[in-house]
Structures are given as C-alpha cells and as structure tokens.
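Single-letter residue listing:
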Amino acid sequence: MRTAILTLTLGLAAAAPALAAKDAPSLKGKRSALPLAVAASTGPMTLFVEGAQRLSLVELHDRFVEAVDGNARSAALEEISRSHPRTLGDVKSLFDIFMRFQEPVVRDAVMASVRLVTPDDNALEPAFMEYLKLPESEARIFGINGALRLRSLRARPLIEKIAAQRFSVKSPGESPVLSDKNAWQTQYEALSALAQWQGTKALPLLRKKAGEAPAVGRLMAAYLWKESLPDIARWAGGKGLTAEAAHEALTEDVPLSALRETRAAMLAILRDPKADRELRHRLAIKVGGSSYPEEVDALLAETAKAKDPEVKLSLYGALFASRSPQTIPWLKRLSADDPDPKMRIGALLQLRVLLPAAEVRPLLEAAAAKDPDPENRQSASELLKAPPPVRP
C-alpha cells in the first residue's frame, strides 16, 4: 500500500505545474456547467473596426452568423470574447449565438463576453431575468451567469430556487436522458453562482447537495476551501456520496490564498498517521505546491526527524509536490540510497525536471548500470534515450 500511495504522489507531483505566486479570480471551466475558457483561434485575425470604432456586439453577431469562412468566424468570435455588453441588444445578440451554436469554442467566446458584465451594467438586468425564466436549460445557464455578474437581487431568488431542487441523478453521466443531463448542469451552475455570490451563507446548501451530487465538492473547494476543509476531512475515508464529494474536493484546484490560510490545518492532518491516506496524500500535494522557500527548508528538516512511516510518507509527498530546487540534494540521496525502488526512480524523475540534462545524465547512467531493481535499471535506460522534459 505504501508503494501504491507513493507512486501516485510522485506521478501527480511530477505532472502538476507549480502554483502561481498570485491568484487570478476566474470562473474555471471544469466547475461550470459549460466550458468558459476562450479558445485561441487559428489562422489570421481580422480586427473588426470601422474607423476608430469597434463594432458593437449586434454587428459582430451579424458578421459571425453570416460568415462562411472559418478564419472570419474565428476573428468574429475573438472580438466577441473581448466585447463588453452595453445594451439589451448586445445581450440579445449574445444569447442568440449561445442558443443557436452549441460548439464549445462559440459558447466559450459568448461567456467570456458575459463575464465582462459588472454590477454597474444594471440596465441589462431585464434580459438576464427573462432568460432565467425560460424553460430551456441553456437559457437558464446564460441567465444565471449574467445575473451573477450583475449581482441582481431580483434574480437571486430564481437562482436559489433552481439550486435548492433535488438532483435527480448524482452526475450527468448517470442518465441517458438529455433533459436530466441539462437539468443537472443548470442546477450545478446555480450552486456555483451562489457559492461565489453568497460565500459562507451558501455552505449549508452546498453541504446538503454534495450528498446528492458529489461534484458539488469541487465548488466547496474552489470557493470556500477554508470553511469546507473540516467537512472534507470528515468525509474522506468514509462511504457513500459524501466520500465521493471529498475526493472531488481534494482533486480540485484551490486558490493559493485559500491554501495559504489553511496551511497549518493541512499540516496537522499530514502529521496525523491515523488520518485517511488519500486525504493526507492530496493535502500533501497542496501543502507542497503552496510552500514558500523557507517552508520547504522546514519540511526537509521535519522529514529528516520524522519517525512514523505514515507521517514521513506524507512529508515526502509535500516535498515532491513543491518542485523546489531546494529539494535537489535530498532527491539525489533518495535516488541513490532509498531502500524503496519506487522512491529511487521517483526521485530521478523529479531530478530530470529540476536539473539540466547534462547534470542529471550521470545519475541516470548510474541507475541504469547499478540500481538493484531490474525495472529501475530499464526505466533509467529508457530515460537516457528520452527527450528532456519541459522544466518549470
């Protein structure tokens, strides 16, 4: 079991990119019912500007709908994604594109435009209210996102009503019926809006809904990590849908500021050998990825003194996840001397990312020739032939 957990730790730590030093608030596609990241278009771009005036969204709508050339459509979408809706006609044009064209890249661009709406754009409220009241799930999703940006007090009761409904299935994949899938996505979007809008006030509802649809755990982690961590820790290692919700939460990206606020609490769990293994493993990745240089030094010192094998394994996971140059001497010792073959090859994989190819090559050659484990020798030989990885 120790080897299995460690292998997972090493694989995720090596694959995960280092956390950014600053957070950038955004609506992430995997937490939204529909993907919201705007895809980069290919081919030459044409900036739709007449004189010094950028075309309105109404005009861009017409250009996009009438375009027959792929590059022209991509250029129109690019402009749409950067255009701030100012009038009810603009919102109507966005809605028309959103409903008529289901391709992710099109809806991405439309939602990028909607995200530019602010509470100062209160003249747009009637349009988003109208779409919230329509029966189609896509229309409601469009309305929810616009109302969220406006912080529309008139719209919030409608969103709360959608969010409070009982999930008919635990995930969209559980039902072959398209209407069930769409209803699930609409409700998830409503819960996402409330989590961002109401903060801790939405937490009781999120807890309840996580017991119906485990993916709600992602919303708890993304928007209310500090407040949700006790629930997540309690659910982890249990049974049923809340245990699945804990897994969803633990695998979700969490803002750096929230990780920093809860670092002490996460470390306390890492140091508890009785805590659930997956919980400690996932938190180790978050601790390591959010650690400052001086904290990496402290982790190295604590690891050297740790006696309990479970605690030491958790600390190892945090150090691997840090991807810090400060771990290089420690990794070199592990690659040469650790009794666990998985640990030795894992350390070599980490060193390939942290060191220039010329410096890591002698370590790989030594492992290929002398490592006691035949699989490690083969892996090291293959790594010598592989192209160098992208360094952070």
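Keep in mind that what you see is a predicted model, and the values were worked out from it rather than measured.

Chemist: What's the story with the overall build of the chain in this structure? I'm lost.
Modeler: Within the chain, the secondary structure is distributed over 21 helices and two strands. Across the 392 residues in the chain, those meeting the buried criterion constitute 48%. Residue pairs in contact within the chain that sit at least 24 positions apart in sequence constitute 70% of those at least 6 positions apart.

Chemist: Looking at this model, I keep getting lost on helix α20 (residues 357–370). Mind explaining?
Modeler: Think of an α-helix as 3.6 residues a turn; residues three or four steps apart then line up on the same face. Its 14 residues place the ends of α20 20 Å apart at the C-alpha level, agreeing with the 20 Å of an ideal helix rising 1.5 Å per residue. Regarding α20, the residues found buried are Val 360, Leu 364, Ala 367 and Ala 368. Viewed along the axis of α20, the buried residues span an arc of 95°, placing them on a single side of the element. The exposed set on the far side of α20, more than 90 degrees from its buried face, consists of Ala 358, Ala 369 and Lys 370. Those residues of α20 that are buried are in contact with α19 (341–354) and α21 (374–385).

Chemist: Sorry, what's going on with the packing of helix α2 (residues 57–66) against helix α4 (residues 88–100) here?
Modeler: Each pair of packed helices can be summarised by the angle the axes make with each other and by the distance between the axes. Packing of α2 against α4 brings their axes to within 8 Å, and their N-to-C directions diverge by 25°. By the angle between their directions, the pair α2 and α4 is classed as roughly parallel. Taking contact as the criterion, the partners of Leu 57, Val 58, His 61, Phe 64 and Val 65 in α2 are, on α4, Gly 89, Asp 90, Ser 93, Leu 94, Asp 96, Ile 97 and Arg 100. The residue makeup of the contact of α2 with α4, split by class, is six nonpolar, three polar and three charged.

Reading the values: rules and limits
- Residues numbered from 1 in each chain as written.
- Predicted model: local features only at pLDDT ≥ 70, side-chain atom pairs only at ≥ 80, totals over all residues.
- Heavy atoms only, no water.
- Helix = DSSP H or I, 4+ residues; strand = E, 2+ residues; numbered from the N terminus.
- Buried < 20%, exposed > 50% of the residue type's maximum accessible area, 1.4 Å probe, protein only.
- Contact = heavy atoms within 4.5 Å.
- Expected span 1.5 Å × (residues − 1).
- Arc of directions from axis to C-beta.
- Axes fitted to C-alpha atoms, helices over the stretch in contact; angles between N-to-C directions.
- Parallel < 35°, antiparallel > 145°, perpendicular 65-115°, else oblique.
- Nonpolar A, V, L, I, M, F, W, Y, C, P; charged D, E, K, R; others polar.

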